[in-house]
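Structure assessment
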Amino acid sequence: MSRRVVIAIDGPSGAGKSTIAKAVASRLGYIYIDTGAMYRAVGLWAMRAGIALDDMHKLEELARHSEIEFAAGAATVLLNGEDVTGAIRDRAVSDAASKVSAIPGVRRAMVDAQRRMAEGASVVMEGRDIGTVVFPDADVKIFLDAEADARATRRLEELRQKGQDLAAEAITREMAERDRRDSTRADSPLVQAPDAVYLDSTGLSIEEVQEAVLRIVRSRVSNGKEVVR
Ligand code: DC
């Protein structure tokens, strides 16, 4: 039997992490885990429960009691058994997720859950702190970045495909604010792990980024035993 492999992909929003992590997981037959969806689920529950987004104690309790599961190859996100796949992509939830993710107790609960999900399985896990905190010993660490304009354009395109036609300026501003918060918080800020490979996806197609990631995986993992199809 081949050993478990962990591929960590971190980076700011709109860098292409989800698309790439999903494609790479499917190509390798690994489990894909979207950790941002987990913070979003906690943010959504907090909003619905009317909990202030800076109430550290209540939010930690909530995070500890949240049962977050992925179904259908992570295409579906379940919060306490309810399908919240669409609801967690709302703009207000993006903001709430960024706020609750700054709370150390919430992070501890999510990191524990993330490690449990990866027990005994090869995974591609994407987020902000995977290579630094969740799996500091990950076999492959990639920091996926892109220029701010390219990231905002991608996010706008995504929202437009979902029928939300929003002003480019507002989206760019909101993204910049979330990235600033995610990168400057005291606990597990978004930073590149010293041993991560930096990849700039600006101007590259999805296929090009996917191939670049697979090349990195091959160079790190293929000791003659792992097969990259
Ligand atoms: O990747 P995303 O935009 O869906 O993430 C939602 C929020 O959760 C984002 O503001 C950053 C935060 N997050 C985090 O702090 N740590 C992670 N591992 C993943 C996401």
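In this report, the structure presented in the accompanying data block is examined. (Residues numbered from 1 in each chain as written. Predicted model: local features only at pLDDT ≥ 70, side-chain atom pairs only at ≥ 80, totals over all residues. Heavy atoms only, no water.)

Some points on unusual backbone geometry
In this model, asparagine 80 sits at a positive phi of 50 degrees, which is unusual for a non-glycine residue. Topologically, asparagine 80 is positioned in the loop between strand 4 (76–79) and strand 5 (82–83). Assessed through its relative accessible area of 37%, asparagine 80 is described here as partly exposed. The residue serine 188 is not glycine, and still its phi comes out positive at about 50 degrees. Relative to the elements of secondary structure, serine 188 occurs in the loop between helix 8 (168–184) and strand 8 (197–200). (Helix = DSSP H or I, 4+ residues; strand = E, 2+ residues; numbered from the N terminus. Buried < 20%, exposed > 50% of the residue type's maximum accessible area, 1.4 Å probe, protein only.)

Details of the sheet that holds strand 7 (residues 140–145)
Pairing in this open sheet of 5 strands is parallel, and the strands run 2-6-1-7-8 from one edge to the other. The sheet terminates laterally at strand 2 (31–34) and strand 8, the two strands that pair on one side only. Neighbour to neighbour, the strand axes of the sheet diverge by 20 degrees on average, direction disregarded. Summarising the sheet, strand 2 and strand 6 (residues 123–127) pair through 4 bridges and their orientation is parallel. Residue pairing for strand 6: tyrosine 32 is matched across the bridge by valine 124. Strand contacts of helix 1 (residues 17–28): strand 1 (6–10), strand 2, strand 6 and strand 7, with the helix running at about 175 degrees to strand 6, the strand carrying the most contacts. (Pairing = 2+ DSSP bridges. Axes fitted to C-alpha atoms, helices over the stretch in contact; angles between N-to-C directions. Contact = heavy atoms within 4.5 Å.)

A few points about the site of the ligand
Lining the immediate surroundings of the ligand are 15 residues, of which Arg40, Arg107, Asp129, Asp182 and Arg185 lie closest. Take arginine 107: an N or O atom from its side chain is 2.8 Å from an oxygen atom of the ligand. A distance of 2.9 Å is found between an oxygen atom of the ligand and a side-chain nitrogen or oxygen belonging to arginine 128. Protein contacts shield 97% of the accessible area of the ligand, which totals 440 Å² for the unbound molecule. Elements with a minimum of two residues in the shell around the ligand: helix 2 (35–49) and helix 4 (91–100). Broken down by element, the shell around the ligand gets its largest block of residues, 4 residues, from helix 2. Classifying every residue of the shell around the ligand by side-chain character gives 3 nonpolar, 5 polar and 7 charged. (Near = heavy atom within 4 Å. Polar contact = N/O pair within 3.5 Å; in protein donor to acceptor, adjacent residues only side chain to side chain. Areas by Shrake-Rupley, 256 points an atom, 1.4 Å probe, with all protein chains shown as cover. Nonpolar A, V, L, I, M, F, W, Y, C, P; charged D, E, K, R; others polar.)

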